[in-house]
Every structure is written in C-alpha cells, then in structure tokens.
Amino acid sequence: MALKAEYGDEARFLAGGQSLLPTMNFRLTQTAVLIDINPLTGLSGMKKSGPESVHVGALTRYCALERDPATARDFPLIAEALPHIAHPQIRNRGTIGGNLAHADPASEMPAIAVALAARLRAQSKRGERWIAASEFFSGALVTALQADEMLVEVELPVAKPRSGACFMEVARRRGDFALIGVACTVQVDDDGRCAEARIGLCNAGETPVLAEDAGASLFGRLIGPAEIDQAGDLVQRAIDPGGSIHASKEFQRHLAGVLTKRALAEANKRASA
Amino acid sequence: MSTDSQSGSETDDHTVTVTVNGTAYRRTVESRLLLSDFLRHDLLLAGTHVGCEHGVCGACTVIFDGVAVRSCLMLAAQADGHAVMTVEGLAGDRNHLHPIQEAMRDCHGLQCGYCTPGILMTMKVFLDETPAPDEAQIREALSGNLCRCTGYQHIVDAMLLAAERLRG
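All values derive from a computational prediction rather than experimental measurement.

## Examining helix H5 (residues 153–167) of chain B
All names here are of chain B.
- For H5, spanning 15 residues, the distance from its first C-alpha to its last is 21 Å, which sits close to the expected 21 Å at 1.5 Å a residue.
- Looking only at H5, the buried set comprises Ile155, Ala158, Met159, Ala162 and Ala163. Summarising the axial view, the buried residues of H5 lie within an arc of 135°, below the 170-degree limit, and thus occupy one face. Those residues of H5 that are exposed and aimed more than 90 degrees away from the buried face are Gln153 and Arg167.
- Close packing links the buried residues of H5 with helix H2 (99–106), helix H3 (116–129) and helix H4 (135–142).
- Taken from the residues just after H5, Gly168 is the one with a positive phi, measuring 80°.

## A short note on the interface of chain A and chain B
- At the junction of the two partners, chain A supplies 20 residues and chain B supplies 19 residues.
- Counting residues per element, the ones that place at least two in the side of chain A that touches chain B are helix H2 (20–25), strand E2 (33–36) and helix H6 (88–91) of chain A.
- Split into classes, the residues belonging to the side of chain A that touches chain B amount to nine nonpolar, eight polar and three charged.

## Notes on the confidence of the model for chain B
All names here are of chain B.
- Model confidence for chain B is summarised by a mean pLDDT of 94, while 93% of its residues fall at 70 or above.
- Considering only residues more than four positions removed or in separate chains, one finds that residues 1–9, a stretch of pLDDT under 50, has eleven contacts.
- Scoring of the predicted complex yields 0.93 for pTM and 0.91 for ipTM.

## Side note on the domain arrangement of chain A
All names here are of chain A.
- Annotation of chain A at the domain level lists domain 1 (43–157) and domain 2 (163–272).
- Of note, the centres of domain 1 and domain 2, computed from C-alpha atoms alone, are 20 Å apart.
- Listed per partner, the contact involves 23 residues of domain 1 and 22 residues of domain 2.
- Mapped by element, the contributors of at least two residues to the side of domain 1 that touches domain 2 are helix H5 (76–81), helix H8 (108–115) and strand E7 (137–139).

## What to know about the sheet that holds strand E3 (residues 46–50) of chain A
Residue and element names in this part refer to chain A.
- If you walk across this open sheet you meet the five strands as E3-E4-E9-E5-E6, and the pairing is antiparallel. The open sheet has two free edges, formed respectively by E3 and strand E6 (127–132), since each of these has just one partner strand. This sheet shows a mean twist of 25° between the axes of neighbouring strands, independent of strand direction.
- Note: E3 against strand E4 (residues 53–57), four bridges, orientation antiparallel. Within the sheet, the bridge partner assigned to Gly50 lies in E4 and is Ser53.

## Looking at the environment of Leu35(B)
All names here are of chain B.
- With respect to the helices and strands, Leu35 occurs in helix H1 (residues 35–42).
- C-beta crowding within 10 Å serves as the criterion here: with 28 such atoms nearby, Leu35 is assigned to the buried category.
- Along the sequence, Leu35 and Ile119 sit 84 residues apart, while their C-alpha atoms lie 18 Å from each other.

## Concerning the domain arrangement of chain B
Residues and elements named next belong to chain B.
- Looking at chain B, the domain boundaries give domain 1 (13–89) and domain 2 (99–167).
- Averaged C-alpha coordinates put domain 1 and domain 2 at centres separated by 22 Å.
- Of the residues lining the interface, 14 residues belong to domain 1; the matching set on domain 2 comes to twelve residues.
- Secondary structure elements with two or more residues in the side of domain 1 that touches domain 2: strand E3 (61–64) and strand E4 (67–70).
- If you tally residues by element for the side of domain 1 that touches domain 2, the top one is E3, at three residues.

## Digging into the sheet that holds strand E13 (residues 209–210) of chain A
All names here are of chain A.
- Spatially, four strands are ordered E10-E11-E12-E13 in an open sheet, and the strand pairing comes out antiparallel. Two strands bound the open sheet, and with one partner strand each, they are strand E10 (163–170) and E13.
- In terms of strand pairing, strand E11 (residues 180–188) meets strand E12 (residues 194–202) through eight bridges, oriented antiparallel. When the bridges of E12 are listed, Thr185 appears paired with Arg198.

## Some remarks on the packing of helix H11 (residues 225–238) of chain A against helix H12 (residues 249–272) of chain A
Residues and elements named next belong to chain A.
- Remark: H11 packs on H12, axes separated minimally by 8 Å, with the N-to-C direction vectors making an angle of 145°. Between H11 and H12 lies a crossing whose hand is right-handed. Contact with H11, carried on its side by Ile228, Asp229, Ala231, Gly232, Asp233, Val235 and Gln236, involves Arg253, Ala256, Gly257, Thr260, Lys261, Leu264 and Ala265 of H12 and no other residues of that element.
- Its residues assigned to classes, the contact of H11 with H12 comprises six nonpolar, four polar and four charged.

## Let's talk about the nonpolar core
- Counting residues in each nonpolar core, the largest one holds 131 residues, and the members touching the most others are Leu77(A), Ile112(A), Ala115(A), Val182(A), Cys184(A), Leu201(A) and Val235(A).
- Residue contacts for Val182(A): discarding those within four places in its chain leaves Met168(A), Ile199(A), Leu201(A), Ala256(A), Leu259(A), Thr260(A) and Ala263(A).

## A few points about the environment of Gly151(B)
Residues and elements named next belong to chain B.
- Mapping Gly151 onto the fold places it in the loop between H4 and H5.
- Overall, Gly151 belongs to the exposed group, with 10 C-beta atoms counted inside 10 Å.
- Separated by 47 residues in sequence, Gly151 and Met104 have C-alpha atoms that sit 14 Å apart.

## Quick notes on unusual backbone geometry
Residue and element names in this part refer to chain A.
- For Ala103, which is not glycine, the phi dihedral falls at a positive 60°.
- Tracing the sequence through the fold places Ala103 in the loop between helix H7 (96–102) and H8.
- Taking the number of C-beta atoms within 10 Å as the measure of exposure, Ala103 has 24 and is therefore buried.

Rules used throughout
Residues numbered from 1 in each chain as written. Chains lettered and ligands numbered in written order. Predicted model: local features only at pLDDT ≥ 70, side-chain atom pairs only at ≥ 80, totals over all residues. Helix = DSSP H or I, 4+ residues; strand = E, 2+ residues; numbered from the N terminus. Expected span 1.5 Å × (residues − 1). Buried ≥ 20, exposed ≤ 12 C-beta atoms within 10 Å, placed from the backbone. Arc of directions from axis to C-beta. Contact = placed C-beta atoms within 7 Å. Nonpolar A, V, L, I, M, F, W, Y, C, P; charged D, E, K, R; others polar. pLDDT = per-residue confidence, 0-100. Domains from an automatic or database assignment. Pairing = 2+ DSSP bridges. Axes fitted to C-alpha atoms, helices over the stretch in contact; angles between N-to-C directions. Left-handed = near helix turned anticlockwise from the far one by under 90°. Core = buried A, V, L, I, M, F, W, Y, C linked by C-beta atoms within 7 Å.

Right, here's the structure in full:
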C-alpha cells in the first residue's frame with residue numbers, strides 16, 4: 001500500500017497475472033513498479049459476511065471457486081460461467097479481483113458483478129471504501145479505483161430463494177473472449193410473477209452493460225414468450241457493441257437478443273422449479 | 001513483495017530458490033524475467049517450449065505447486081520458494097518414457113512435437129485428478145493447448161490409452 005501510494009499510476013499490482021503479463025509481454029504495459037500481492041494469503045478465500053452475502057477475497061483464484069461446492073450453491077451464475085473463463089491453466093492462476101480490476105468489458109466476471117449488484121472494497125493508505133459494481137467500471141480497462149487504491153474484496157449476494165440464474169455466451173473457440181455473453185438472474189414471487197430480473201452483458205460496449213430497462217420490463221409479470229421477446233428487444237437497444245473482425249456490430253446485437261431470450265427463459269424456468 | 005532495488009538500474013534483481021523436478025536451484029534473476037525463459041535459458045531445461053508468449057497456445061505449460069500453469073504468464077521471481085515440474089521431470093530416467101509419453105508415441109499423438117511438452121504437463125495433472133476420463137472431459141481439459149498438426153484426435157486417443165494403462 002505504501003509503494004502504491006508512492007508510485008501511484010506507475011505501479012501495478014500483480015495478482016494472477018493472466019491479463020497483465022500478456023500485455024507486458026507485448027510491451028503494451030510498461031510498468032515501473034510491479035507489486036506482487038500473491039504472498040498475501042489473507043486476500044484469498046470466501047467467507048460468509050451475513051445471511052445473504054459472502055465476501056470473496058480479491059486474490060481468490062478461479063480454480064478455488066470451481067472446486068468449492070459453495071460456488072454452485074450460492075452463486076449458480078458464477079458456477080455456470082466459470083468453464084467459459086479462459087482455460088484450466090489460466091483459471092489455476094487467474095483471480096476474481098485481478099479480473100475485475102483489469103475491467104475488460106469482454107470478460108465474464110465484470111458482467112456478472114453488475115448483474116449480481118456486487119460491491120467492491122477498495123483499500124489504500126488513506127482508508128477503505130465500498131464501490132457498487134455499477135459505479136466501478138468507468139471505461140474499457142478503466143475503473144473507479146484511485147491511483148493509490150487496491151481492490152481487496154468483493155461482496156456478492158447469495159442466490160435468493162425462488163431465484164434462477166443463467167449464463168450463456170458465444171465465442172469463436174472454447175475459452176476465447178465472448179462475442180457476446182449474457183448473465184441474468186430472475187426471482188419470482190409466490191404467484192410465479194417476476195420479483196426481480198437483472199441482465200448483464202459482456203463485450204456489448206465500453207464497459208459491462210447492465211440492461212436496466214429490460215430487467216424492469218419484467219417486474220410484476222408472469223414471464224412468458226411475449227415478455228421475453230420484449231426484454232430481448234430492450235437489451236438490443238441498450239447495448240453499443242464495438243464490432244471486430246470476429247463479429248460485426250450487427251451480429252453482436254443479434255446475438256445479444258438471441259442469448260438474452262434463451263438465458264431469461266432458462267433462468268425463469270430455474271426460478272420456478 | 002520484493003523491493004531490493006538497485007538505484008540507477010532499470011530493473012531489480014531477485015535471488016530465487018526454486019525446486020525444479022526435485023532439484024533445488026538458486027539463481028539471481030532480473031525482475032522482468034519470465035518463468036518460461038528462466039527455465040530455458042538459466043536452467044537450460046529447453047523442453048518447455050515457448051509458442052505465443054501471451055498465454056494462448058499452452059506450449060509452455062508447466063506444473064507449479066501441483067497445478068498446470070502457463071510459464072510465460074509468470075515471472076521467475078514469483079517461483080521463489082515454490083516447486084516446478086517440467087517435461088524433463090516426467091519420466092523416471094533418460095531411458096524410459098512416462099506412460100503418458102508412451103501412449104502419445106503409440107497413438108501418434110504428435111507430429112512436429114512443438115505443443116507436446118505443454119500437453120503432457122496439462123494431461124499429467126488432469127489424469128492424476130481424473131483417472132477414468134471420458135472423451136468429452138479430455139477435450140475440455142485439452143482446450144487450453146493448441147496443436148496445429150494432429151487435429152487432436154490422436155491426442156485424445158493417447159490420453160484414453162494412457163488413463164487405461166495408468167489405472168493398471
């Protein structure tokens with residue numbers, strides 16, 4: 001923390017290194033000071049912070065989440081997304097905090113963080129503060145973290161009763177970045193009507209996108225084909241994908257609609273099961 | 001975190017003690033040196049291949065504290081106090097092959113062989129943890145290792161055979 005306070009933007013934290021090291025190998029990132037946080041074992045692991053939330057240390061590796069049975073129980077959305085996050089060798093090193101602080105809009109976890117309304121704890125020599133996921137991602141690879149701050153912990157709400165989650169993505173190859181990914185959660189009331197629906201998308205703009213209008217459109221309604229179609233249309237309007245040689249903007253927008261409809265239908269089915 | 005800076009130089013040096021294939025090595029390395037380059041150039045263990053150098057191809061995969069990792073996405077300094085296993089440590093001695101290597105030979109699981117060390121290290125950990133895998137599990141475990149020659153079918157065949165032989 002003292003080093004980060006002294007060097008500010010000149011210093012980078014090295015967590016799993018699975019995003020930072022490639023950019024350093026390409027000399028896209030040239031950092032004067034690299035602070036290896038891997039020996040800080042206190043920064044890894046999950047602990048229950050209340051009846052409805054869990055604190056996940058920033059240095060918790062994806063392989064640890066994969067092996068912990070609590071992940072599937074408490075965070076079915078993350079459990080379903082994990083196999084899409086790169087490859088086993090990358091997940092053996094990659095960390096949830098590093099992934100979020102890297103803030104790649106094409107990455108899965110930032111979209112999941114906004115879909116779950118996660119909160120992120122930043123620490124510096126000056127003190128600490130909590131940042132809502134929706135406020136954390138300010139641009140492509142840019143976050144709300146100040147130059148002297150480190151992301152140390154993520155607070156995730158555990159899956160509620162009568163809720164269902166679904167993660168879907170389309171990528172050119174297994175483990176590649178998604179052309180479009182959709183992370184959604186649906187909670188229904190005793191009558192089967194939607195109590196809350198949240199839809200996050202990856203690779204759909206400069207930041208992970210939370211499609212608030214689409215989620216709100218489902219509130220209080222029995223989710224059927226017409227509701228799902230409408231939400232899919234709203235998601236297509238909410239996003240601004242960049243397009244690339246792998247997929248045009250139009251194709252990405254098309255995919256976002258298709259995946260949203262499929263994922264919503266599945267999440268609703270799981271919530272009602 | 002290491003802060004043994006030498007004023008005036010652009011990069012710090014670190015003294016690392018690392019166990020590779022059961023042998024302890026002590027070397028002084030620049031902070032920017034990759035683990036893959038450390039293994040190849042400093043320890044002269046050139047069996048670990050370097051393909052893409054940005055974590056996509058998997059050729060540089062080694063076993064770090066029991067798990068398969070990309071050695072091109074780690075710094076040599078990070079290996080201080082840790083144990084690494086490379087392809088050179090797979091077989092018991094120079095005259096024998098590990099059962100996974102034997103199966104690769106028997107099934108023609110390699111052509112040019114460039115990706116092979118990374119595949120062997122990935123599969124070593126996978127087969128230790130999954131002694132009776134099906135084809136889908138093998139393909140999923142192999143997804144992080146690119147091979148441009150074989151089309152993967154013979155590698156999958158080799159892993160099914162290796163798993164069978166390892167089960168005895």
